[in-house]
Amino acid sequence: QVQLVESGGGLVQAGGSLNLSCAASGRIFSINTMGWYRQAPGKQRELVADISTRGSTNYADSVKGRFTISRDNAKNTVFLQMNSLQPEDTAVYYCKLFSGFASYWGQGTQVTVSS
């Protein structure tokens, strides 16, 4: 069974930065996409960014220019560098890995941005 372990969430003031990490372990298909999603209170879970094994990326319009997603294929780890954080970024951030076989979710990590 694939496990996703997240780290890096926390409390930060507006304008600050955080870096999230998510490491996957278990039987992982070599071609996959890893990404970050977030869910704020009263809102639907939404894609923040994702990245394929080859490095192809997608970003939500709201985070373009502020967030950067990257991955280490050898370690099955995905990162999300978040800069210029705003209160609107406050949410639970979830790591996801998906391929043609299955999708897996992390437990979620809280990111809180104060003004």
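Residues numbered from 1 in each chain as written. Predicted model: local features only at pLDDT ≥ 70, side-chain atom pairs only at ≥ 80, totals over all residues. Heavy atoms only, no water.

Q: Explain the sheet that holds strand E7 (residues 67–72) to me, please; I cannot follow it from the model alone.
A: Within a sheet, each strand pairs with its neighbour through backbone hydrogen bonds, oriented either parallel or antiparallel. Across the sheet, which stays open at both edges, the four strands sit in the order E1-E3-E8-E7 with antiparallel pairing between neighbours. Because the sheet does not close on itself, it has two edges, and the strands there are strand E1 (3–7) and E7. Each strand of the sheet is rotated relative to its neighbour by a mean of 15 degrees, with strand direction disregarded. As defined by bridge partners, strand E3 (residues 18–25) adjoins strand E8 (residues 77–82) across six bridges and the pair is classed as antiparallel. Pairing of Asn19 across the sheet is with Gln81, part of E8. (Pairing = 2+ DSSP bridges. Helix = DSSP H or I, 4+ residues; strand = E, 2+ residues; numbered from the N terminus. Axes fitted to C-alpha atoms, helices over the stretch in contact; angles between N-to-C directions.)

Q: In this structure, what is going on with the pairing of strand E5 (residues 46–52)? I would like to understand it.
A: Successive side chains on a regular strand alternate, one facing one side of the sheet and the next facing the other. Of all the seven residues making up E5, five are buried; the element is thus mostly covered by neighbouring parts of the structure. Sheet analysis places strand E4 (residues 33–39) next to E5, joined by six bridges and oriented antiparallel. Along E5, the bridge assignment pairs Met34 with Ile51. In the sheet, E5 pairs with strand E6 (residues 57–59) via three bridges, with the strands oriented antiparallel. Residue Asp50 lies in a different strand from E6, and its bridge partner there is Asn58. Linking two consecutive strands that pair antiparallel, namely E5 and E6, is a turn of four residues; a positive phi of about 100 degrees is found at Gly55 within it. (Buried < 20%, exposed > 50% of the residue type's maximum accessible area, 1.4 Å probe, protein only.)

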